[in-house]
Number of protein chains: 2
Amino acid sequence: MVECLQTTHGAAMREVDTIIAGGTILTLDERDTRIEDGALAIESDRIVGTGTSEEIKNQFAGRSLIDAKNCLVMPGLVNCHTHAAMTCFRGIADDRELMTWLHDIIFPLEAKHVDPELAYWGSLLACAEMIKSGTTTFCDMYVFEDETARAAKRAGMRCLLGEGLLDFPSPNAATPADGLGYTRKLIETWTGDPLVNIIVHPHSLYACSPSVFAEAKKIADEYNLPYALHLLENQAERLQLEQKFSKGVVAFLKESGYLTESFLAYHCVALDNEDISVLADHGCKAIHTPESNMKLGSGVAPVPAMLEAGMTVGLGTDGPASNNNLDMFREMDMTAKLHKVAGLDPTVMDARTVIRMATCEGANALGLGSVTGSLEPGKKADIIILNMRRPHLTPLYHDYSQLVYAAGSADVDTVIINGKLVMRNRTLLTINEKEVMAKVREIAGQIIRSLPA
Amino acid sequence: MVECLQTTHGAAMREVDTIIAGGTILTLDERDTRIEDGALAIESDRIVGTGTSEEIKNQFAGRSLIDAKNCLVMPGLVNCHTHAAMTCFRGIADDRELMTWLHDIIFPLEAKHVDPELAYWGSLLACAEMIKSGTTTFCDMYVFEDETARAAKRAGMRCLLGEGLLDFPSPNAATPADGLGYTRKLIETWTGDPLVNIIVHPHSLYACSPSVFAEAKKIADEYNLPYALHLLENQAERLQLEQKFSKGVVAFLKESGYLTESFLAYHCVALDNEDISVLADHGCKAIHTPESNMKLGSGVAPVPAMLEAGMTVGLGTDGPASNNNLDMFREMDMTAKLHKVAGLDPTVMDARTVIRMATCEGANALGLGSVTGSLEPGKKADIIILNMRRPHLTPLYHDYSQLVYAAGSADVDTVIINGKLVMRNRTLLTINEKEVMAKVREIAGQIIRSLPA
């Protein structure tokens, strides 16, 4: 219920839940509007006003006030690709060949240890890490995704998630049909939830046969949901799939009718110019995961070319076993620097482009652009506040540069998701950090005891 | 004076200033000794004992005790190349071509604004940032280096520094002779200081003529000091110098007698295999600066080949105007990931190699290997303590992996340099953070007012 008060000047004044005032607001709207000594008015789950502190205080009375002096106030970051529960395997085996890592280490460990408990606590730990590093929305593919949804809900995080669909048995699905059934159940359980959104998630074209992919697409169409897969993570995958399909991979997807505006592709390292042009023509979205691509030696995705072609490209951390963090600040810095060195051109992927990939463009890629990713009246209140009075952030000439090249996750002071305060002065308000760390250490203890000596 | 007490078991017991106990000690000694529930005994400026907590407590009585439970205790990081005072220009102009950036922006700004005050406060701010990110030793090249030495001394940081010598006038030296004279004065002022060490610093072969370089080398020889320059930062520099010398750059250095064990080269991006072989044969040291090389689009230094050839390679952040941070944790992560993607090989530059570059190998490169870079009895007590009970550091399977791929500067809790506590619970004890930030904001305000509108 909206009450009206009178301002001291006599104008009608609207009472709202929260006003954030005194900081520099980076709206990340279409015109990159920046408001010095700015303010936001928040009512329930959404932003109802943006302007200078004076303007907002003349229009709104806040039941609570957050002082953002010396702070940057910006949209929460959008992590477009991760496998949250894999925090439980963080750093268990690094510096290995991708296929050795996957087949000799990760898959056997997963078969043995991944269960609903690991999925829940691993995901909740990931939420703690993500909130503490300024992420307010994440997109997740793993198994037992209902547990990840429950964890996100408890953490108060916005998410888009879907069960990874595979040809071979997963810890949660003996057959592809089981995985598809679980996906339908996820949709039925979570449709209409204010925070949890569902995506259909066939794993990849190498781990998922065309028939499973077709069934997955049918479900996505039936419920009007996005669908996504890992695509062309490296050249070896490209070669393997070209043999399998006897044609180009993107050509195969096009001919199969899979390329639509609801299609997201993760990684996209081994795309050529023709692929990019086809994906762009069909309004497909790409998610760039530079740290994982670097760490696994996969290659450099042609992101400048994708952007040039008009594609919407979001940023993701990938899972914490192949990165090994969920820190979007590191991902932004890496993105800006990787493409400069890859193209020997310091002018590509400037700070503004990268910040937009991590916020509004990421939200657009996930189909959540009307909900989150920028600070505008009508959008959900997904907001982070960074304390800029730090030695490594002094002096401050340009906000975007400072955020990409100098700021770090620990500079995030306050996080609001869907209008709710989930972190204040770096203290999590929705998660008991000690409890979740203790639980995951316990799970990791079991994993360690199962390893060959 | 060393006093002897009796232990409860009757054995002789030595009283020391400080015992750090209960954490996992990563010594970074030659055998990578790791001590669980380990302890260090510190007397005055140096480490006098390492062992398990039980062993140390049986041998030593500490006048003060630091509890490192749930922490990693390791040598302070060694930042082998920076321009500390350039914090004042952090982020003033990013995403530009190197030569545009240097000639159109940085050099004119420096000519107008760099003075002893900027050098002092900019350096002190850099020290604050470095200590807070776990660096205990840095190597610096800029102008007014006596101010940087004073700032380091006030901060309690170990350093190796030298005035940048140029053919053209610098804000501190109208002629090359002035710069050489200032270098002699630096040596006379600081020789014997427990923290400040001097290096002779001709800027580069493109900004410094062979005669200046020869004079610089004479001074280094006279005082038995190391000498260093920026070398082959990109292919353009290589082409330019090959024209200038009508021969290969490393060949020129060799023929001129400049290649000795006291010679350090910064950047080393455009080295070929022959260059590496020659530098290795002469015991020259290289400093790798991946973030700066990436951000400026300079290229990827052939570090795996340098290591293969047996060269000692340290890590540096470069100046905060071309990075834009002094964070060695980010530099480590970037180093490990950059070479994996550049070589499409996830097994190169593993976490152990990178950690050693940031600690003991860096100290070796600077000629300070007998002083710092590892935790061993007889070495100076340059120690950092990281709190590992954090969501993003949970679980913990492998220390080195966790440090390189997951930990960040904000995880550094406590820093000791030369036996003196300079940060505790993230509070700086030698620097007034607010004062130094306010001073640099004031200087930045003058810079902003001088910029064309």
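Residues numbered from 1 in each chain as written. Chains lettered and ligands numbered in written order. Predicted model: local features only at pLDDT ≥ 70, side-chain atom pairs only at ≥ 80, totals over all residues. Heavy atoms only, no water.

**As for the overall build of chain A**
Counting its regular elements, chain A contains 16 helices and 19 strands. The globule rule puts the C-alpha radius of gyration for 453 residues at 22 Å, and the 22 Å found for chain A is close to it. Principal-axis analysis of the C-alpha atoms places the extent of chain A at approximately 75 × 45 × 45 Å. Expressed as a percentage of its 453 residues, the buried residues of chain A come to 65%. (Helix = DSSP H or I, 4+ residues; strand = E, 2+ residues; numbered from the N terminus. Rg over C-alpha atoms; globule rule 2.2 N^0.38 Å. Buried < 20%, exposed > 50% of the residue type's maximum accessible area, 1.4 Å probe, protein only.)

**Some remarks on the sheet that holds strand 13 (residues 263-267) of chain B**
All names here are of chain B. Strand order across the open sheet formed by 4 strands is 12-13-14-15, with parallel pairing between neighbours. If you trace the sheet from one side to the other, it starts and ends with strand 12 (227-231) and strand 15 (312-315), each paired once. If you compare each strand with its neighbour and ignore which way they point, the axes differ by 25° on average. Bridge count for strand 13 against strand 14 (residues 285-288) is 3 bridges, and the pairing is parallel. Bridging across to strand 14, Ala265 finds its partner in Ala286. (Pairing = 2+ DSSP bridges. Axes fitted to C-alpha atoms, helices over the stretch in contact; angles between N-to-C directions.)

**Details of the environment of Ile447 of chain A**
By the element assignment, Ile447 of chain A lies in helix 16 (residues 433-450). Counting along the chain gives 335 residues from Ile447 of chain A to Lys112 of chain A, while the straight-line C-alpha distance between them is 8.7 Å. The residues touching Ile447 of chain A, leaving out its near neighbours within four places in the chain, are Cys88, Phe89, Ile92, Leu109, His113 and Leu118 of chain A together with Tyr397 of chain B. (Contact = heavy atoms within 4.5 Å.)

**Overview of the confidence of the model for chain A**
Looking at chain A as a whole, the pLDDT averages 96, with 97% of positions reaching at least 70. For this predicted complex, the interface score ipTM comes out at 0.96, while the overall pTM is 0.96. (pLDDT = per-residue confidence, 0-100.)

**Here's the deal with the relation of the copies chain A and chain B**
Taken as rigid bodies, chain A and chain B are interconverted by a rotation of 180° and an axial shift of 0.0 Å, the fit giving an RMSD of 0.0 Å. Such a combination of rotation and displacement between the chain copies is what one expects of a two-fold axis. Taking the C-alpha atom as reference, chain A places Ala410 of chain A closest to the rotation axis, 3.2 Å from it. A share of 100% of the interface residues of chain A reappears at the interface of chain B, consistent with the copies meeting face to face through the same patch. (Least-squares fit on C-alpha atoms with pLDDT ≥ 70 in both.)

**Focus on the packing of aromatic side chains**
Enumeration according to the criterion identifies 10 aromatic pairs over all chains in this entry. Judged by centre distance (3.9 Å) and plane angle (5°), the ring pair of Phe245 of chain A and Phe252 of chain A falls under stacked. Side by side, Phe245 of chain A and Phe252 of chain A carry an identical accessibility label, which is buried. Above the plane of the ring of Tyr405 of chain B lies Lys295 of chain A, whose end atom (NZ or CZ) is 4.7 Å from the centre. (Phe/Tyr/Trp six-rings, centres within 6.5 Å; stacked < 30°, edge-to-face > 60°. Lys NZ or Arg CZ within 6 Å of the ring centre and 35° of its normal.)

**Let's talk about the packing of helix 4 (residues 145-155) of chain B against helix 5 (residues 176-190) of chain B**
Residues and elements named next belong to chain B. Between helix 4 and helix 5, the least distance of the axes is 10 Å, while the angle of their chain directions is 25°. Taken together, the axes of helix 4 and helix 5 are roughly parallel relative to one another. Where helix 4 approaches helix 5, its residues Glu145, Asp146, Glu147, Ala149, Arg150 and Lys153 are matched on the opposing element by Tyr182, Leu186, Thr189 and Trp190. Within the contact of helix 4 with helix 5, the residues separate by chemical class into 4 nonpolar, 1 polar and 5 charged. (Parallel < 35°, antiparallel > 145°, perpendicular 65-115°, else oblique. Nonpolar A, V, L, I, M, F, W, Y, C, P; charged D, E, K, R; others polar.)

**Looking at helix 5 of chain B**
Residue and element names in this part refer to chain B. The end-to-end C-alpha separation of helix 5 is 21 Å, in line with the 21 Å expected for 15 residues at 1.5 Å each. Of all the residues in helix 5, the buried ones are Gly179, Leu180, Tyr182, Thr183, Leu186, Ile187 and Trp190. Considered in projection along helix 5, the buried side chains sweep an arc of 160° and stay on one side of the axis. Helix 5 presents Ala177, Lys185 and Glu188 as exposed residues on the side facing more than 90 degrees away from its buried surface. Where the residues of helix 5 are buried, they touch helix 4, strand 9 (158-165), strand 10 (196-198) and helix 6 (210-223). Once helix 5 finishes, Gly192 follows within two positions and takes phi at roughly 90°, a positive value. (Expected span 1.5 Å × (residues − 1). Arc of directions from axis to C-beta.)

**A closer look at unusual backbone geometry**
A cis amide bond links Asn323 of chain B with the next residue in sequence, Asn324 of chain B, at an omega value of 0°. Inspection of the secondary structure puts Asn324 of chain B in the loop between strand 15 and helix 12 (328-342). Of note, the bond from Thr394 of chain B into Pro395 of chain B is cis; its omega dihedral lies within 30 degrees of zero at -10°. Along the chain, Pro395 of chain B falls in the loop between strand 16 (383-387) and helix 15 (399-406). A positive phi is found at Asn224 of chain A, a non-glycine position, where the angle reads about 55°. For Asn224 of chain A, the position within the fold is in the loop between helix 6 (210-223) and strand 12 (227-231). Phi at Asn425 of chain B is positive, roughly 50°, even though this residue is not glycine. Inspection of the secondary structure assignment puts Asn425 of chain B in the loop between strand 18 (420-424) and strand 19 (427-428).

**Some words on the domain arrangement of chain A**
Residues and elements named next belong to chain A. Domain assignment breaks chain A into domain 1 (3-74 + 381-427) and domain 2 (77-365). Here domain 1 and domain 2 have C-alpha centroids that lie 31 Å from each other. With 24 residues of domain 1 at the interface, the matching set in domain 2 holds 28 residues. Taking both partners together, domain 1 and domain 2 bury about 2,100 Å²; carbon and sulfur atoms supply 64% of that area. When the buried area of domain 1 at its contact with domain 2 is split by residue, Val404, Tyr405 and Ile417 rank highest and sum to 28% of it. The tally of links from domain 1 across to domain 2 stands at 3 salt bridges. The partner of Asp32 in a salt bridge is Arg356, with the nearest N and O atoms 2.8 Å apart. (Domains from an automatic or database assignment. Buried area = accessible area lost by both parts, 1.4 Å probe. Salt bridge = Lys/Arg side-chain N within 4 Å of Asp/Glu carboxyl O.)

**Quick notes on the side chain of Asp95 of chain B**
Its place among the elements puts Asp95 of chain B in the loop between strand 7 (77-82) and helix 2 (98-113). Its relative accessible area of 15% is what places Asp95 of chain B among the buried residues. Of note is the side chain of Asp95 of chain B, whose polar atom sits 3.0 Å from the side chain of Lys340 of chain A. Polar side-chain contacts of Asp95 of chain B include one of 2.5 Å to the side chain of Tyr405 of chain A. Setting aside anything within four residues of it in sequence, one finds Asp95 of chain B in contact with Lys340, Pro346, Thr347, Met349, Asp350, Ala351 and Tyr405 of chain A. (Polar contact = N/O pair within 3.5 Å; in protein donor to acceptor, adjacent residues only side chain to side chain.)

**Overview of the nonpolar core**
It is characteristic of soluble globular proteins that their nonpolar side chains tend to be buried jointly. Residues and elements named next belong to chain B. Within the largest apolar cluster, 127 residues are counted, with the highest numbers of intra-cluster contacts made by Phe89, Ile131, Leu205, Phe263 and Met306. Ranked by residues supplied to this core, first place goes to helix 3 (residues 116-132) with 11 residues. Looking at this core, you find at least three residues from each of domain 1 (3-74 + 381-427) and domain 2 (77-365). With sequence-adjacent residues up to four places away left out, Met306 is seen in contact with Cys268, Leu271, Ile276, Ala286, Ala301, Met311 and Val313. (Core = buried A, V, L, I, M, F, W, Y, C linked by side-chain atoms within 4.5 Å.)

**Overview of the packing of helix 3 (residues 116-132) of chain A against helix 4 (residues 145-155) of chain A**
Residues and elements named next belong to chain A. Contact geometry of helix 3 with helix 4 gives a least axis separation of 8 Å together with a crossing angle of 35°. Seen along the crossing, helix 3 lies across helix 4 with a hand that is right-handed. Residues Pro116, Ala119, Tyr120, Trp121, Ser123, Leu124, Cys127 and Ile131 of helix 3 form the contact with helix 4, whose participating residues are Glu147, Thr148, Arg150, Ala151, Ala152, Arg154 and Ala155. (Left-handed = near helix turned anticlockwise from the far one by under 90°.)

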